[in-house]
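# Summary of structural features
Given next are the chains, with one letter for each unit.
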Amino acid sequence: EGQTLGNLGNVYWALGDYEKAIEYHQQNLEIARSVRDRNGEGRSLGNLGLAHFSKGDYTKAIEHYQSRLIIAREINDRIGQGNVLLNLGLAYLSLGDFERSLDCNRQGLVFKREIKDRNGEGSALCNIGTTLIKLEQPSEALQALQEALAICREINNSPIESEVLMRLAEAYRKLGEPKLALEYCNLALSFATELGIPLEKECQALRSQLLNEVFDG
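Quick notes on the rules
Every chain's residues receive numbers from 1 upward, in the order its sequence appears when written. In keeping with the model being predicted, local features are shown solely for residues with a pLDDT of at least 70 and side-chain atom pairs are shown and tallied solely at 80 or more, while totals for entire chains, interfaces and linings include all residues. Just so you know, side-chain values use all the structure's heavy atoms and leave hydrogens and water out. Secondary structure counts use DSSP, requiring at least four H or I residues in a row for a helix and at least two E residues in a row for a strand, with both numbered from the N terminus. Per-residue accessibility, obtained with a 1.4 Å probe over protein chains only, is compared with the maximum for each type, and a residue is labelled buried under 20%, exposed over 50%, and partly exposed between these values. Two residues qualify as a contact provided that any one of their heavy atoms is within 4.5 Å of a heavy atom in the partner residue. Residue-level accessible areas treat just the shown protein chains as cover; the underlying method is Shrake-Rupley with a 1.4 Å probe. To get an axis, a line is fitted to the C-alpha atoms, and for a helix only the part in contact is used. The angle between two axes follows their N-to-C directions and goes from 0 to 180 degrees. Should an angle lie under 35 degrees it is considered roughly parallel, over 145 roughly antiparallel, and from 65 to 115 roughly perpendicular; all remaining angles are considered oblique. Left-handed describes a crossing in which the near helix is turned anticlockwise from the far one by less than a right angle; the clockwise case is right-handed. As a working rule, the residues Ala, Val, Leu, Ile, Met, Phe, Trp, Tyr, Cys and Pro are called nonpolar, Asp, Glu, Lys and Arg charged, and the rest polar, with Gly in that last group. As used in this record, nonpolar core signifies buried Ala, Val, Leu, Ile, Met, Phe, Trp, Tyr and Cys residues forming a set joined through side-chain atoms within 4.5 Å. What qualifies as a polar contact is a pair of N or O atoms within 3.5 Å, subject to a donor-acceptor requirement within protein and to the restriction that residues adjacent in sequence count only when both atoms come from side chains. One speaks of a salt bridge when a side-chain nitrogen belonging to Lys or Arg is within 4 Å of a carboxyl oxygen belonging to Asp or Glu. Take the residue count of a helix, subtract one, and multiply by 1.5 Å to get its expected span.

### Details of the overall build of the chain
Each helix and strand counted, the chain has eleven helices and zero strands in total. Each helix (α) and strand (β) of the chain, taken in turn from the N terminus, gives the series α-α-α-α-α-α-α-α-α-α-α. Buried positions account for 45% of the 217 residues belonging to the chain. Within the chain, counting contacts between residues at least 6 apart in sequence, those at least 24 apart form 51% of the total. Of the accessible surface of the chain, which amounts to about 11000 Å², a share of 48% is contributed by carbon and sulfur atoms.

### A look at the packing of helix H7 (residues 118–134) against helix H9 (residues 158–174)
The contact between H7 and H9 brings their axes to 10 Å, and the two run at 25 degrees. Here H7 is positioned roughly parallel relative to H9, judged by the angle of their axes. Note on packing geometry: the crossing formed by H7 with H9 is left-handed. Residues Asn119, Gly122, Ser123, Cys126, Thr130 and Ile133 of H7 pack against Ile160, Glu163, Val164, Arg167, Glu170, Ala171 and Lys174 of H9. Of the residues assigned to the contact of H7 with H9, the class counts are five nonpolar, four polar and four charged.

### Quick word on the nonpolar core
Proteins that are soluble and globular tend to have nonpolar side chains buried together. Counting 38 residues, the largest nonpolar core has Leu145, Val164, Leu168 and Tyr184 as its most contacted members. Of all the secondary-structure elements, those providing two or more residues to this core are helix H6 (98–114), H7, helix H8 (138–155), H9, helix H10 (178–195) and helix H11 (199–216). Aside from chain neighbours lying at most four places away, what touches leucine 145 is Leu125, Cys126, Gly129, Ile133, Val164, Arg167, Leu168 and Ala171.

### Re the side chain of aspartate 77
Here aspartate 77 is to be found in the loop between helix H4 (58–74) and helix H5 (78–95). In this structure the side chain of aspartate 77 is engaged in a polar contact, spanning 2.8 Å, whose partner is the backbone nitrogen of glycine 80. Once residues lying within four places of it in the same chain are set aside, the contact partners of aspartate 77 are Asn39, Arg68 and Ala72.

### A word on the pattern of salt bridges
On inspection of all chains with the given rule, the structure shows 18 salt bridges. A salt bridge links aspartate 77 to arginine 68, with the nearest nitrogen and oxygen atoms 3.3 Å apart. The same class applies to aspartate 77 and to arginine 68, which are both buried. One network of salt bridges, with partners in common, ties together Arg113, Arg118, Glu121, Glu147 and Glu154.

### Quick notes on H8
The terminal C-alpha atoms of H8, which comprises 18 residues, lie 25 Å apart, in line with the 26 Å expected from a rise of 1.5 Å per residue. For H8, every residue scored as buried is listed here: Pro138, Ala141, Leu142, Ala144, Leu145, Ala148, Leu149, Ile151 and Cys152. Packing partners of the buried residues in H8 comprise H7, H9 and H10. Trailing H8 by a residue or two, asparagine 156 shows a phi angle of about 60 degrees, which is positive.

### A look at H4
Helix length check: H4 (17 residues) gives 24 Å between terminal C-alpha atoms against 24 Å at 1.5 Å per residue, within 8%. Taken residue by residue, H4 has Ala61, Ile62, His64, Tyr65, Arg68, Leu69, Ile71 and Ala72 as its buried positions. On its buried face, H4 sits against helix H3 (38–54) and H5. Two residues or fewer past H4, asparagine 76 is found with a positive phi of approximately 55 degrees.

### Quick word on unusual backbone geometry
Look at glutamate 136: it is not a glycine, yet its phi comes out positive at around 60 degrees. With a relative accessible area of 54%, glutamate 136 lands in the exposed category.

### Observations concerning the packing of H9 against H10
Between H9 and H10, the least distance of the axes is 8 Å, while the angle of their chain directions is 155 degrees. When the axis of H9 is compared with that of H10, the two are roughly antiparallel. Handedness of the H9/H10 crossing: left-handed. Along its contact with H9, which presents Ser158, Pro159, Glu161, Ser162, Leu165, Met166, Leu168, Ala169, Tyr172 and Arg173, the element H10 presents Leu180, Ala181, Tyr184, Cys185, Leu187, Ala188, Phe191, Ala192 and Leu195. Along the lines of polarity and charge, the residues of the contact of H9 with H10 split into 15 nonpolar, two polar and two charged.

Right, dumping it as structure tokens:
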């Protein structure tokens, strides 16, 4: 029954009905706790965190992610720890708590490298680069983002690659190199348009600003 509820929760989450997803994942959590299934409890908490994050309730998401992390550590779930640390990093980033976000992403990166999850490693490095830009450390961000870009191209991960290219554009802009920033922004826009992902609008906005800076300069 618990697995069915969890699957239903995932379906409603994918459909964008986050309230319904939360309802099913909460029921799944209660069942897991009643039978003392710590693994199932951890998964349910992680899913609840994701649903709350998706609806924009980052504080609630962090609460669930923290509980998920406690269980993952308790049962020595290395994959679970890596995943939830990256999710925590994104939630803290969304709240503007950049130092905590950076710390979580760096911890998550250690796990992703340990289990040889190249996809997760690329995501972690992208998140680290994004956070370093927010912390006004564009040079440090470039190092993480260039490493992320190499991984994305190695494993052919276009969605993350488009995000990395966009953040590289932002980093070079902060470093006072609008022409180089525009090159990366155009590449990011090309990927985002082809994939039909929301990043496309962000790329278009940055491209307009960069065109003004390049031609005004």
